[in-house]
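Results of the structural survey
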Amino acid sequence: MNQPLNQEQLNQIIAEVQTLQLRQESELNQQQIKEILQDLNLPPELLDEALIQIRRKQALEVQQSRNKLIGFVVATSVIIGIGLTVFFHQQKSSLLANISAQQDKITLTSNNENLKNISRQTNSELVYRVTLKNAPIGKKLNLSCNWIDPNGQVVKQNQYQTREIKTSVWDTVCRYSINPTASVGNWQVQMLLEGRKISEETFVVQ
């Protein structure tokens, strides 16, 4: 080694040599260990087996430490995942809770006139038009409508998902065709947002 050394490098070499010397002085060779065992009236022939057991225990400790670390990482990941799920669920619930119907009406397909009385002989397709407010921009909503006859039976249920919402005030519709066999009397239509009723209207079938 012909490369010149500066004073700092020399000091580092001296410190490293001293460390290695101390380590060597503190280490015992097998002959020294056997002599110590004999002094303690212990069988030296068991030295090799003892060394194997020590290495096994050390390897086991390393494996256990690794398993604990893996378990900690997995548990932390699960906790974070649960936390994020709860957070996003709460965020979604908060958004959905703010949505309500600004106005609603029942019309025919052909016009927007608000109807209260419908003749079952005309085979009319009814349109339940609802204007939502506080709709979440950039989201899609899962909506449903129940058409309920005078006996309280749900005779038709619409289930659908809206297009991606562009404005906080959003129009949506449900449809149902009244035929000549429909029950005469007071009907009701309800709109539900993921199971929560947000609007309803009544009408008379004659």
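Keep in mind the model is a prediction, meaning the values are calculated, not measured.

**Section: the nonpolar core**
In a soluble, globular protein the nonpolar side chains are often hidden away together inside. Ranked by internal contacts, the top residues of the largest apolar core, which has 27 residues, are Tyr128, Leu141, Trp147, Met191 and Phe203. When residues of this core are traced back to their parent elements, those giving at least two are strand S3 (125-133), strand S4 (142-148), strand S6 (170-177), strand S7 (185-193) and strand S8 (196-205). Setting aside chain neighbours within four positions, we find Leu141 in contact with Leu96, Ile99, Leu132, Pro136, Tyr160, Gln161, Thr162, Ile165 and Leu193.

**Quick look at the state of the cysteines**
By definition, a disulfide links two cysteine residues through a covalent bond between their sulfur atoms. One pass over the structure, following the stated rule, counts one disulfide. Shown here is the disulfide that connects Cys145 with Cys174, its sulfur atoms set 1.9 Å apart. Given an S-S torsion of about 70°, the disulfide between Cys145 and Cys174 has right-handed geometry. With Cys145 in strand S4 and Cys174 in strand S6, this residue pair connects regions lying 29 residues apart in the sequence. Taken individually, Cys145 and Cys174 each receive the classification buried, so the pair is uniform in this respect.

**Notes on the side chain of Asn158**
Considering the arrangement of structural elements, one finds Asn158 in strand S5 (residues 154-161). In terms of polar contacts, Asn158 uses its side chain to reach the side chain of Trp147, at 2.8 Å. Look past the residues within four positions of Asn158 in its chain and what remains in contact with it is Leu143, Ser144, Cys145, Trp147, Cys174 and Arg175.

**What to know about the packing of aromatic side chains**
If you walk through the whole model with that rule in mind, you get four aromatic pairs. Both rings, one in Trp147 and one in Phe203, keep their centres 6.1 Å apart while their planes meet at 70°; by these two values the pair is edge-to-face. With Trp147 in strand S4 and Phe203 in strand S8, this pair connects stretches of sequence that are 56 residues apart. The same class applies to Trp147 as to Phe203, namely buried. One aromatic cluster in this structure is built from Trp147, Tyr176, Trp187 and Phe203.

**A look at the sheet that holds S6**
If you walk across this open sheet you meet the three strands as S1-S3-S6, and the pairing is antiparallel. Either end of the sheet is taken by a strand with one partner, and the two such strands are strand S1 (100-108) and S6. The mean inter-strand angle of the sheet, taken between neighbouring strand axes irrespective of direction, is 20°. Sheet topology places S3 next to S6; eight bridges connect them, and they run antiparallel. Along S6, the bridge assignment pairs Val127 with Arg175.

**With respect to the pairing of S5**
In terms of strand pairing, S4 meets S5 through seven bridges, oriented antiparallel. Within S5, the residue paired with Cys145 across the bridge is Asn158. Hairpin connection of S4 to S5: five residues between the antiparallel strands, including Gly152 at a positive phi of 85°.

Parameters and conventions
Residue indices begin from 1 for each chain and proceed along its sequence in written order. The predicted nature of this model means local features are confined to residues of pLDDT at least 70 and side-chain atom pairs, given and counted, to a pLDDT of 80 or more, with totals for whole chains, interfaces and linings taken over all residues. The side-chain numbers reported here are obtained from all heavy atoms of the structure, hydrogens and water having been left aside. The criterion is simple. A nonpolar core is a set of buried Ala, Val, Leu, Ile, Met, Phe, Trp, Tyr and Cys residues joined through side-chain atoms within 4.5 Å. Working definition: with a 1.4 Å probe on protein chains only, accessible area under 20% of the residue-type maximum means buried, over 50% means exposed, and in between means partly exposed. In DSSP terms, a helix is any run of H or I states spanning at least four residues, a strand is any run of E spanning at least two, and both are numbered starting from the N terminus. Every residue pair with non-hydrogen atoms within 4.5 Å of one another is taken to be in contact. The disulfide criterion is simple: two cysteine sulfur atoms within 2.5 Å. Two N or O atoms count as a polar contact when they lie within 3.5 Å, although within protein this holds only if one can serve as hydrogen donor and the other as acceptor, and sequence-adjacent residues are included solely when both atoms are side-chain atoms. For this analysis, a ring pair means two rings from Phe, Tyr or Trp (six-membered ring only for Trp) whose centres lie within 6.5 Å, classed as stacked if their planes differ by under 30 degrees, edge-to-face if by over 60, and tilted for the remaining angles. Strands pair, by our definition, only if DSSP identifies at least two bridges between them. Lines fitted to C-alpha atoms define the axes here, with helix axes fitted over just the stretch in contact, and angles between the N-to-C directions of these axes take values from 0 to 180 degrees.

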